[in-house]
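# Descriptive structure summary
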Amino acid sequence: MADLAGIVVLVLGLLVAAALTVLARREARALHARAEREVAEAHARAQELLTETRTERERADRELAARERRLAQREARLVEAVNRLDADRLELEQARRRLEADQAAARRDAEEQRAALDAEEAERRAAWKVADEARRTELERVAGLTAEQARAEVVSEVRDSARLEALGTVRRIEEEARRDGEAIARRIVADAVQRVASDQTAESVVSVVHLPNDEMKGRIIGREGRNIRHFEAVTGVNLVVDDAPGAVLLSCFDPVRRERARLALEALVADGRIHPGRIEAAVEAADADLARAIERAGARAVEQAGVTGLHPELVRTLGALHLRTSYGQNVLAHLVESAHLAGVMAAELGVDVALVKRCALLHDIGKALTHEAEGTHAAVGAELARRYGESDDVVHAIAAHHDEVPPQTVEAVLTQAADACSGGRPGARREALETYVERLHRLEEIAGSRPGVEKVYAMSAGREVRVMVRPEEVDDLAADLLARDIARQVTEELTYPGQIRITVVRESRATATAT
């Protein structure tokens, strides 16, 4: 049994080995067939690559041959161009030599001609000098004057004649310019003023607070005057309680203090409780209300003027001008009115209306800060506008609106004109009697100090000055010069709204008696 099992195992091993051999042969044949196919494919690809390489080489050879032909042609053209350039260079060199020779000949001819002309000129000058000496000697003998004296008389006569002729020409040109310019300016200003409706000046140094009854006066005064004294001490305003029924007066030259006191007193009257503690609380509340009122006034003025894009700080500063006056005219109302006038005139002249309005609205903004900064309100206002991003045109118009800086732009001139129209119109401003009388006296003094002036009259509330001159001392042309000189001195020395007309009157009379 053991032998039989061994035989079986051996037979099975042989069968397995035979099967493995058969499988190995099959795989070998398959691998050989696949290898033959891959070799054939590789050979085919190699043939294709060889063909492509040959084709590419042939094309490259053709391109190289074509490029060599083109290079040869280009080289031939370059050689030809070089030959032409050499020929041209040779021709230019020959032409330069010929030109130098011609120039040398021309210089020699010119020198010869110049020498001849110099000789002739020297001969003529010598002859003219001899003749001039003889003529001068004869003229001195006949006239009895030396040459220097005669020359001085001729120069003086020519100077006087030229001066008279120039004055006549200047007067004629000024009359034509004045006639045409005044007509155009009068039309533009009249149109602007007619289209802007403004109030009369009604500002004062007194505010009226109405009371519900006369019993409230006793509360305001307080026991032994305690309330009224504390109110005046806190506000800095004089409180006047008189016999006027149902009202008390607040008197102060500072409009900001007076407005704060008015708001505080109205709040106290409305509340009914009046004592020192309540007065201080009311004044503090009035300060806050006044700040809000200033902001509202500035925003309202900007809206009325039609100006946009202003910095908020500039708007608040404009609002502060609502409580300030100039010769009785509210400054903020003056600025709004000036903006409207400037806008109308700018539209008539074809100038940027928005820019001109902006300049006119801000031209007096420095009056709100004059007490805080050094310098005139024009300089302070210009610096403030520059600080908050306004353009150079606006800054220049503000600085030049009182001629502290010469106006260089149309916007600056229109700002000056609008300022003068708003401040100089009837009813716009009030003037103190002392200032008015002093200005009239100074006008007459300036005009009367001139030579040849006989009488001076200040007329039309100081808007016109009539100057009477002695006709034997002042002629017509000198009268023109006199009027110009007086106007220039008045402009330099006096401050006044609007314009002052200087009229020089010269009258000659001839009287004869028949017997």
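Residues numbered from 1 in each chain as written. Predicted model: local features only at pLDDT ≥ 70, side-chain atom pairs only at ≥ 80, totals over all residues. Heavy atoms only, no water.

## Considering the overall build of the protein
Along the backbone of the protein there are 14 helices and 8 strands. Sorting the 515 residues of the protein into buried and exposed places 28% on the buried side. A separation threshold of at least 6 residues defines the contact pool for the protein, and within that pool the share at least 24 residues apart is 61%. Accessible surface computed for the protein: about 34,100 Å², of which carbon and sulfur atoms make up 54%. (Helix = DSSP H or I, 4+ residues; strand = E, 2+ residues; numbered from the N terminus. Buried < 20%, exposed > 50% of the residue type's maximum accessible area, 1.4 Å probe, protein only. Contact = heavy atoms within 4.5 Å. Areas by Shrake-Rupley, 256 points an atom, 1.4 Å probe, with all protein chains shown as cover.)

## Quick look at the pattern of salt bridges
As enumerated under the stated definition, the model contains 22 salt bridges in all. Of the charged contacts, one joins Arg506 and Asp476 as a salt bridge, the two residues approaching to 3.1 Å between their closest N and O atoms. Note that Arg506 is positioned in strand S8 (residues 501-506) and Asp476 in helix H14 (residues 476-493), a separation of 30 residues in sequence. When salt bridges with common partners are traced through the structure, they connect Glu93, Arg96, Arg97 and Glu100 into a single cluster. (Salt bridge = Lys/Arg side-chain N within 4 Å of Asp/Glu carboxyl O.)

## Some words on the sheet that holds strand S6 (residues 453-459)
The sheet built from 3 strands is open, its strands ordered S6-S7-S8 with mixed pairing. At either margin of the open sheet sits one strand with a lone partner, and together these are S6 and S8. Neighbouring strand axes in the sheet, compared pairwise and without regard to direction, differ in orientation by 20 degrees on average. By the bridge criterion, 6 bridges tie strand S7 (residues 464-469) to S8 in an arrangement that is parallel. When the sheet's bridge partners are listed, Val465 is paired in S8 with Ile502. The strands that H14 touches are S6, S7 and S8; relative to S8, the one it contacts most, it runs at about 155 degrees. (Pairing = 2+ DSSP bridges. Axes fitted to C-alpha atoms, helices over the stretch in contact; angles between N-to-C directions.)

## Focus: the side chain of Ser338
If you trace the backbone, Ser338 turns up in helix H8 (residues 331-349). Classification of Ser338 by relative accessible area gives buried; the value is 0%. One polar contact links the side chain of Ser338 to the main-chain carbonyl oxygen of His334, over a distance of 2.8 Å. Ignoring any residue separated from it by four or fewer positions in sequence, one finds Ser338 in contact with Ala360, His363, Ala418, Asp419 and Ser422. (Polar contact = N/O pair within 3.5 Å; in protein donor to acceptor, adjacent residues only side chain to side chain.)

## A few points about helix H4 (residues 226-235)
Three or more residues of H4 are buried, namely Asn227, Ile228, Phe231 and Thr235. For H4, the angular spread of the buried residues around the axis is 95 degrees, confining them to a single face. Exposed residues on H4 whose side chains face more than 90 degrees from its buried face are Arg229 and Ala233. Contact partners of the buried residues in H4: helix H3 (215-221), strand S2 (238-240), strand S3 (247-251), helix H5 (255-271) and helix H6 (276-305). Residue Gly236 follows H4 closely and has a positive phi angle near 75 degrees. (Arc of directions from axis to C-beta.)

## Brief notes about the pairing of S3
With 3 bridges joining them, S2 and S3 adopt antiparallel strand pairing. Considered in S3, the bridge of Asn238 is made with Ser251. Where S2 hands over to S3, the hairpin turn is made up of 6 residues, of which Gly246 adopts a positive phi near 70 degrees.

## Considering a positive patch on the surface
A contiguous patch of positive charge on the surface is contributed by Arg67, Arg69, Arg70, Arg74 and Arg77. For Arg77, the position within the fold is in helix H1 (residues 2-143). (Patch = residues over 30% accessible without salt bridge, like charges linked within 9 Å, V, L, I, M, F, W, Y side chains within 5 Å. Lys, Arg positive; Asp, Glu negative; His and termini not counted. Charge placed at Lys NZ, Arg CZ, Asp CG, Glu CD.)

## Thoughts on a nonpolar patch on the surface
Taken together, the side chains of Leu4, Ile7, Val8, Val11, Leu12 and Leu15 make up a nonpolar region of the molecular surface, amounting to roughly 550 Å² of accessible area. Among the secondary structure elements, Val11 is positioned in helix H1. Take Val11: its relative accessible area is 41%, and that puts it in the partly exposed class.

## Let's talk about the packing of H4 against H5
At their nearest, the axes of H4 and H5 sit 10 Å apart, and the two run at 140 degrees to each other. Crossing of H4 over H5 shows right-handed handedness. Every residue of H5 that contacts H4 at Phe231, Val234 and Thr235 is listed here: Arg257, Arg260, Ala261, Ala264, Leu265 and Leu268. In terms of residue class, the contact of H4 with H5 is made up of 6 nonpolar, 1 polar and 2 charged. (Left-handed = near helix turned anticlockwise from the far one by under 90°. Nonpolar A, V, L, I, M, F, W, Y, C, P; charged D, E, K, R; others polar.)

## Overview of the pairing of S7
Regular strands have side chains that alternate between both faces of the sheet. Here S6 runs beside S7; their pairing, made up of 6 bridges, is antiparallel. If you follow Val453 over to S7, its bridge partner there is Val469.

## Quick word on the nonpolar core
The biggest cluster of nonpolar side chains holds 42 residues, and the ones touching the most others in it are Leu310, Leu318, Leu321, Leu361 and Leu362. Elements with a minimum of two residues in this core: H6, helix H7 (312-320), H8, helix H9 (353-362), helix H10 (377-387), helix H11 (392-400) and helix H12 (410-424). Among the elements that make up this core, the one with the highest residue count is H8 (9 residues). Each residue touching Leu362, except ones within four places of it in the same chain, is listed here: Leu310, Leu318, Glu390, Val394 and Ile398. Core analysis: the second largest hydrophobic core is formed by 21 residues, Ile228, Leu250, Ile274 and Ala286 among them. (Core = buried A, V, L, I, M, F, W, Y, C linked by side-chain atoms within 4.5 Å.)

## A look at the packing of H9 against H11
The contact between H9 and H11 brings their axes to 9 Å, and the two run at 40 degrees. When the axes of H9 and H11 are compared, the pair comes out oblique. Classified by chirality, the crossing of H11 by H9 is right-handed. Counting all contacts with H9, which are made through Leu355, Arg358, Cys359 and Leu362, the residues of H11 involved are Asp393, Val394, Ala397 and Ile398. Counted by class, the contact of H9 with H11 contains 6 nonpolar, no polar and 2 charged residues. (Parallel < 35°, antiparallel > 145°, perpendicular 65-115°, else oblique.)

## Looking at unusual backbone geometry
Of note in the backbone geometry, Glu224 takes a positive phi value of approximately 55 degrees without being a glycine. Tracing the backbone shows Glu224 in the loop between H3 and H4.

## Digging into the confidence of the model for the protein
Taken over all residues, the pLDDT of the protein has a mean of 80, while the share at 70 or more is 81%. Here residues 199-203 is a poorly scored stretch, pLDDT under 50, and it has 14 contacts once near neighbours within four places are set aside; other chains count. (pLDDT = per-residue confidence, 0-100.)

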